[in-house]
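Summary of the model geometry
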Amino acid sequence: MKNLSENFYRLLHPKIVFLLTSVGKDGRINVMSCAWATPASEEPPKIIVCVSKEHYTTELILETGEFAINIPPKGMEKAIWICGSKSGRKTNKFKEAQLKIFKAEKISAPLVEGCIGFLECKVVSTIDAGECYAFLADVLNCKVEEKYFVKNLWKSDSVPMHLGGKKIVYF
Ligand SMILES: Cc1cc2nc3c(=O)[nH]c(=O)nc-3n(C[C@H](O)[C@H](O)[C@H](O)COP(=O)(O)O)c2cc1C
C-alpha cells in the first residue's frame with residue numbers, strides 16, 4: 001500500500017463544491033469556492049465549514065459569524081475557478097465571475113443567483129484546526145431547487161464534486 005500522509009484528505013473526496021458567501025461588520029461581502037464542509041448535527045441542524053486562516057473569507061466570518069453555502073449547478077465551473085483562485089481582498093469576485101446576488105432570509109451575507117441549494121448559517125463555535133478554522137454553525141435556513149433535488153436526493157449529474165486540485169466531476 002502507498003503511504004499517503006501528505007494528501008490524506010483526498011481519500012475523503014469527492015466533495016460537493018459550493019460558493020461560500022460572507023459579510024464583514026461594515027457590510028463588505030465576499031465569495032469563495034469551498035469543498036470542506038460536513039453536516040455536524042441533524043437536531044439541532046449544524047454544519048462545519050473549514051476555511052484557511054489566510055483567506056479574506058475567514059476575516060469576514062470572524063467579524064460577523066455569518067456565512068451562506070450556495071450550491072451551484074452544472075455550468076458554473078468558470079465562476080468556481082475564479083472564486084477559488086483569487087482573493088476578495090484584491091478582486092471583486094462577484095463582478096469578475098458575473099455573479100448576481102440577492103438577500104438571504106436570516107443572515108446578512110448574500111446569496112448567489114443561479115445556485116440551486118442554499119444554507120444560511122451562523123457560527124456558534126470556532127475551532128483552531130491548524131491551517132484552517134473549522135466553523136461550527138447553526139443552519140438557520142435551508143432551501144433547494146426542487147427540480148434538482150427529488151425525494152431528498154440530488155438528481156444525478158446536477159452538482160459539481162471536487163476531486164481535489166483542478167478536478168471537478170459530476171456524479
Ligand atoms: C474547487 C475548490 C474548492 C476549494 N475548497 C476550499 C476549502 O474547502 N477551504 C479553503 O480554505 N479553501 C478552499 N479553496 C480555495 C479558496 O477558494 C481560494 O483560496 C480563494 O481564493 C480564497 O478566497 P478569499 O481570500 O477571497 O476568501 C477551494 C478552491 C477550489 C477551486
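Criteria and thresholds
- Residues numbered from 1 in each chain as written.
- Predicted model: local features only at pLDDT ≥ 70, side-chain atom pairs only at ≥ 80, totals over all residues.
- Heavy atoms only, no water.
- Helix = DSSP H or I, 4+ residues; strand = E, 2+ residues; numbered from the N terminus.
- Rg over C-alpha atoms; globule rule 2.2 N^0.38 Å.
- Buried < 20%, exposed > 50% of the residue type's maximum accessible area, 1.4 Å probe, protein only.
- Contact = heavy atoms within 4.5 Å.
- Areas by Shrake-Rupley, 256 points an atom, 1.4 Å probe, with all protein chains shown as cover.
- Lys, Arg positive; Asp, Glu negative; His and termini not counted.
- Charge placed at Lys NZ, Arg CZ, Asp CG, Glu CD.
- Pairing = 2+ DSSP bridges.
- Near = heavy atom within 4 Å.
- Polar contact = N/O pair within 3.5 Å; in protein donor to acceptor, adjacent residues only side chain to side chain.
- Nonpolar A, V, L, I, M, F, W, Y, C, P; charged D, E, K, R; others polar.
- Core = buried A, V, L, I, M, F, W, Y, C linked by side-chain atoms within 4.5 Å.

Observations regarding the overall build of the protein chain
For the protein chain, the count of helices and strands is 3 helices and 14 strands. Taking 16 Å as the expected radius of gyration for a compact globule of 171 residues, we find that the protein chain reaches 15 Å, a close match to that expectation. C-alpha atoms of the protein chain, sized along the principal axes, occupy 50 × 40 × 40 Å. A buried classification covers 44% of the 171 residues belonging to the protein chain. Counting contacts in the protein chain only where the partners sit at least 6 residues apart, residues at least 24 apart contribute 61% of the total. As displayed, the protein chain has an accessible area near 9,900 Å², and 54% of this comes from carbon and sulfur atoms. Taking the 24 positively charged and 19 negatively charged side chains of the protein chain as two groups, their mean positions are separated by 6 Å.

Re the sheet that holds strand β14 (residues 167-170)
Pairing in this open sheet of 3 strands is antiparallel, and the strands run β1-β13-β14 from one edge to the other. At either end of the open sheet lies a strand with only one pairing partner, and these are β1 (15-16) and β14. The pairing of strand β13 (residues 160-164) with β14 spans 4 bridges and is classified as antiparallel. Looking across to β14, one finds that Pro160 is bridged to Tyr170.

Let's talk about the pairing of β13
Judged by how many residues are buried, β13 sits mostly within the fold: 4 of 5 residues are covered. Relative to β13, β1 runs antiparallel, the two being bridged by 2 bridges. Its bridge partner being in β13, Ile16 is matched across the sheet by Met161.

A look at the site of the ligand
Residues in contact with the ligand amount to 22 residues; listed here are only the nearest, Ser33, Thr57, Lys86, Gly88 and Lys93. A distance of 2.9 Å separates an oxygen atom of the ligand from a polar atom in the backbone of Trp36. Between the ligand and His55 there is a distance of 3.1 Å, counted from an oxygen atom to a side-chain nitrogen or oxygen. Elements that contribute at least two residues to the shell around the ligand include exactly β3 (29-34), β5 (46-52), α1 (56-64) and α2 (77-83). In terms of residue count, the dominant contributor to the shell around the ligand is β3 (4 residues). Across the shell around the ligand, the residue classes tally to 10 nonpolar, 10 polar and 2 charged.

Structural notes on the environment of Gly24
With respect to the helices, strands and loops of the structure, Gly24 is situated in the loop between β2 (18-23) and β3. Here the alpha-carbon distance between Gly24 and Thr64, two residues 40 residues apart in the chain, equals 5.9 Å. Ignoring anything within four residues of it in the chain, the contact list for Gly24 reads Leu60, Glu63 and Thr64.

Details of the nonpolar core
In terms of nonpolar packing, the biggest core is built from 20 residues, with Leu20, Ile47, Val49, Phe67, Ile69 and Cys121 touching the most fellow members. Going through the elements one at a time, β2, β3, β5, β6 (66-71), β9 (117-128) and β10 (132-144) are the ones with two or more residues in this core. Ignoring sequence-local partners within four residues, the contact set of Ile47 consists of Thr38, Pro39, Ala40, Phe67, Ile69, Leu119, Cys121, Phe135, Leu136, Ala137 and Val139.

Remarks on α1
Every buried residue of α1 is accounted for by Tyr56, Thr57, Thr58, Leu60, Ile61 and Thr64. Those residues of α1 that are buried lie in contact with β2, β3, β5, β6, β9 and β10. At the exit of α1 stands Gly65, carrying a positive phi of roughly 75°.

Here we look at the environment of Lys2
Its place among the elements puts Lys2 in the segment before β1. Its relative accessible area of 73% is what places Lys2 among the exposed residues. Residues Lys2 and Glu96 lie 94 residues apart in sequence; the distance between their C-alpha atoms is 41 Å.

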